[in-house]
Amino acid sequence: MHIDYLMFDRYHIWHPYTSMTNPLPSYPVISALGYELILSNGRRLVDGMSSWWAAIHGYNHPVINQAMNDQISRMSHVMFGGITHYPAIELCQRLVALTPSGLDCVFLSDSGSVAVEVAMKMALQYWQARGKPRHKFLALRQGYHGDTFGAMSVSDPDNSMHQLYQDYLPKHLFVNSLQRRFGEIWRDGDELELSRIIAANHAYLTAVILEPIVQGAGGMYFYHPNYLKIARKLCDQYELLLIADEIATGFGRTGEWFACNHAGISPDIICLGKALTGGTMTLSATLTCRNVAETISKGDAGCFMHGPTFMGNPLACAAANASISLLEDESWRTRVDTIATQLRTGLLPLVNNKHVRDVRILGAIGVVETKLPIAISALQSWFVNQGVWIRPFSRYIYLMPPYIIDSEAMQRLLCAISSALNCEKFFVTPDKY
Ligand code: PMP
């Protein structure tokens, strides 16, 4: 890419979570196809990130492209107030059918963070409509729910953005991280803190909000499904709403359609995003049960008070319909299982490396947690030179490749990680960003 463009990018354009004065480098991508990103210098990178959980079918998928082209020729967008259309109706029918039972009323919005805001506002309006206004949420430490204010307020209070905005953010309650891992043997008593906090505070609580099974950006941790079962039971017992943020985990990533399926539970509200459109368009959905929707509608406001300009965007809905149609034959299960096997073979032995604290694998997610923070810029550049796209953060090098990846490309990702762990320089001088 012409150097002027890159200079403009560096001096004028914000990129996520990096400085405007000393930014981490940005690599110019000119196209993407299947599991590859193609840089402007012609270099092809095997994608290990699915563009942050989203591009599950890889890039430029002909079925999604065709559906989007067909939709563009009819209409890209039309307002949703007082208007409806087939792409949204078809999508909502699919979501009601696919998600855990009882989630029958769908609210479409723009991004994951907004889906979480919508979920929180639904819970608040639900209690208001019941004539018992409540304002506190219970969330998990090491959780992450997005970057908008409501979402930040229920994300980890120590390692997220709470300190920066603490005088502005509402204060909620937090349960310490759930120690028992996915796959470990459950011990009675593991759930005590969760039960204790709910029992002591239920009278003030609107809802429990959590990322089911996988805590993503807050530490890539996989917890035992029994926590979810118990959270569901406690929410029933104390009449609290349970909000499942499946923005990262939805659509097969963990080996089930939704992470809640590992525990066989239905939340009262679920948030979906990221892979909803196969990573092509920004779209999210917040689904709730009829009881919540009807209670809100019977309240003083008479309706739910949210209505984004691009609600139900037909082009995004068409992409989502095509993406889900690609999942419907369930062949993704075999692909995710195959990726899981490759991740186990390639990553588990790395636990013996002196830089590694832990290795965890669930479905098509593989995580190497290092002992020291990583020199992101240096490691990123080294990965690019190896022909792979892996973006570590903090102490985590992780893979969540597109489901269509083949074993040779997987091998390249795994070899790159294993070789990187033998380079001292990546684990001594973390970037300040
Ligand atoms: N919830 C979870 C669990 C997420 O992983 C993310 C995104 N990383 C969000 C919410 C926010 O989604 P978005 O970035 O689309 O606003």
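Residues numbered from 1 in each chain as written. Predicted model: local features only at pLDDT ≥ 70, side-chain atom pairs only at ≥ 80, totals over all residues. Heavy atoms only, no water.

An unreviewed UniProt entry lists the protein chain under the name Adenosylmethionine-8-amino-7-oxononanoate aminotransferase, with Baumannia cicadellinicola subsp. Homalodisca coagulata as the source organism. Its UniProt record, at the heading Subunit (unreviewed entry), says of the protein chain: "Homodimer." Regarding the protein chain, the UniProt comment filed under Cofactor (unreviewed entry) reads as follows: "pyridoxal 5'-phosphate". (UniProt positions renumbered as here; feature names shortened; annotations may be inferred.)

K.L.:
So what exactly am I meant to see when it comes to the overall build of the protein chain here?
P.N.:
For the protein chain, the count of helices and strands is 14 helices and 16 strands. Taken against the 2.2 N^0.38 rule, which gives 22 Å for 433 residues, the C-alpha radius of gyration of the protein chain at 22 Å falls within 12% of a compact globule. Structurally, the protein chain occupies a C-alpha span of about 60 × 55 × 45 Å along its principal axes. For the protein chain, buried positions account for 55% of its 433 residues. Across the protein chain, every contact between residues at least 6 apart in sequence was considered, and the portion connecting residues at least 24 apart equals 71%. Summing over all exposed atoms, the protein chain offers an accessible surface of approximately 19,000 Å²; the carbon and sulfur share of this is 54%. Taken together, the 35 basic and 37 acidic charged side chains of the protein chain have centroids lying 4 Å from each other. (Helix = DSSP H or I, 4+ residues; strand = E, 2+ residues; numbered from the N terminus. Rg over C-alpha atoms; globule rule 2.2 N^0.38 Å. Buried < 20%, exposed > 50% of the residue type's maximum accessible area, 1.4 Å probe, protein only. Contact = heavy atoms within 4.5 Å. Areas by Shrake-Rupley, 256 points an atom, 1.4 Å probe, with all protein chains shown as cover. Lys, Arg positive; Asp, Glu negative; His and termini not counted. Charge placed at Lys NZ, Arg CZ, Asp CG, Glu CD.)

K.L.:
Help me understand the sheet that holds strand S16 (residues 396–399), please; the structure alone is not making it clear to me.
P.N.:
Strands belonging to one sheet form pairs held by backbone hydrogen bonds; the direction of such a pair is parallel or antiparallel. Read from one edge of the open sheet, three strands run S13-S14-S16, paired in antiparallel fashion. If you trace the sheet from one side to the other, it starts and ends with strand S13 (356–362) and S16, each paired once. Averaged over neighbouring strand pairs, the angle between their axes works out to 10° when direction is ignored. Bridge count for S13 against strand S14 (residues 365–370) is six bridges, and the pairing is antiparallel. (Pairing = 2+ DSSP bridges. Axes fitted to C-alpha atoms, helices over the stretch in contact; angles between N-to-C directions.)

K.L.:
Can you help me understand the pattern of salt bridges in this one?
P.N.:
Throughout the structure, instances matching the rule amount to 18 salt bridges. Ionic pairing is found between Arg130 and Glu239, a salt bridge with its closest N-O pair at 3.1 Å. Of the two residues, Arg130 sits in the loop between helix H5 (112–129) and strand S5 (136–140) while Glu239 sits in the loop between helix H9 (225–237) and strand S10 (241–245), which places them 109 residues apart along the sequence. Overall, Arg130 belongs to the partly exposed group, its relative accessible area being 27%. The exposure class assigned to Glu239 is partly exposed, which follows from its relative accessible area of 47%. (Salt bridge = Lys/Arg side-chain N within 4 Å of Asp/Glu carboxyl O.)

K.L.:
Would you mind showing me how to read the environment of Thr21 here?
P.N.:
Assignment of secondary structure puts Thr21 in the loop between helix H1 (3–12) and strand S1 (29–33). For Thr21, a relative accessible area of 73% corresponds to the exposed category.

K.L.:
When you look at the side chain of Asp156 in this model, what are you seeing that I'm missing?
P.N.:
Note that Asp156 resides in the loop between helix H6 (149–153) and helix H7 (162–165). Here Asp156 sits buried without a salt bridge, and the closest side chain of opposite charge, Arg141, lies 5.2 Å off (N-O distance). Within polar-contact distance, the side chain of Asp156 engages the backbone nitrogen of Gln142 at 2.3 Å. (Polar contact = N/O pair within 3.5 Å; in protein donor to acceptor, adjacent residues only side chain to side chain.)

K.L.:
It is not clear to me how the site of the ligand should be interpreted in this structure. Could you clarify?
P.N.:
Every residue close to the ligand is listed here: Ser111, Gly112, Ser113, Tyr144, His145, Gly146, Glu211, Asp245, Ile247, Ala248 and Lys274. Within the side chain of Asp245, a nitrogen or oxygen atom sits 2.7 Å from a nitrogen atom of the ligand. The contact in question runs from a nitrogen atom of the ligand to an N or O atom on the side chain of Lys274, over 3.1 Å. Coverage of the ligand by the protein chains reaches 80% of its 390 Å² of free accessible surface. In terms of residue class, the shell around the ligand is made up of three nonpolar, five polar and three charged. (Near = heavy atom within 4 Å. Nonpolar A, V, L, I, M, F, W, Y, C, P; charged D, E, K, R; others polar.)

K.L.:
Help me out: how do you make sense of a nonpolar patch on the surface in this one?
P.N.:
Among the surface-exposed residues, Phe149, Leu164, Tyr165 and Tyr168 lie close enough to one another that they form a single nonpolar patch of about 480 Å² accessible area. Structurally, Phe149 is set in helix H6. Exposure remark for Phe149: the relative accessible area of 39% places this residue in the partly exposed category. (Patch = residues over 30% accessible without salt bridge, like charges linked within 9 Å, V, L, I, M, F, W, Y side chains within 5 Å.)

K.L.:
How should the packing of aromatic side chains be read in this particular structure?
P.N.:
Here the distance between the centres and the angle between the planes together describe a pair of aromatic rings. Applying the stated criterion across every chain yields a total of 15 aromatic pairs. Among the aromatic side chains, those forming a connected cluster through ring pairs are Phe251, Trp257, Phe258 and Trp332. A cation over an aromatic ring shows up here: Arg134 above the ring of Trp127, its NZ or CZ 3.7 Å from the ring centre. (Phe/Tyr/Trp six-rings, centres within 6.5 Å; stacked < 30°, edge-to-face > 60°. Lys NZ or Arg CZ within 6 Å of the ring centre and 35° of its normal.)

K.L.:
Is there a simple way to explain the pairing of strand S11 (residues 269–272) in this structure?
P.N.:
Taken residue by residue, a regular strand's side chains alternate between the two faces of the sheet. What you see with S11 is no split at all: Ile269 and Cys271 on one side and Ile270 and Leu272 on the other are buried throughout. Bridge count between S11 and strand S12 (residues 284–288): four bridges; the pairing is antiparallel. Along S12, the bridge assignment pairs Ile270 with Leu287.

K.L.:
It is not clear to me how the pairing of S13 should be interpreted in this structure. Could you clarify?
P.N.:
The buried fraction of S13 is high, at six of seven residues. From the end of S13 to the start of S14, which pair antiparallel, there are two residues, and Gly363 there has a positive phi angle of about 55°.

K.L.:
Explanation requested: helix H8 (residues 192–201) in the structure shown.
P.N.:
What sets the pattern is the α-helix's 3.6 residues per turn: residues three or four places apart point alike. Burial in H8 covers these residues: Leu194, Ser195, Ile197 and Ile198. Residues of H8 that are buried make contact with S5, strand S6 (173–175), strand S7 (205–210) and H9.

K.L.:
Help me understand the packing of H8 against H9 in this model?
P.N.:
Packed helix pairs are characterised by how far apart their axes lie and by the angle those axes make with each other. At a minimum axis separation of 10 Å, H8 and H9 run at an interaxial angle of 15°. The orientation of H8 relative to H9 falls into the category roughly parallel. The interaxial crossing formed by H8 with H9 has right-handed handedness. On the side of H8, the interface is formed by Leu194, Ser195 and Ile198, while H9 contributes Tyr227, Ile230, Ala231 and Leu234. When the residues that make up the contact of H8 with H9 are grouped by side-chain class, the tally is six nonpolar, one polar and no charged. (Parallel < 35°, antiparallel > 145°, perpendicular 65-115°, else oblique. Left-handed = near helix turned anticlockwise from the far one by under 90°.)

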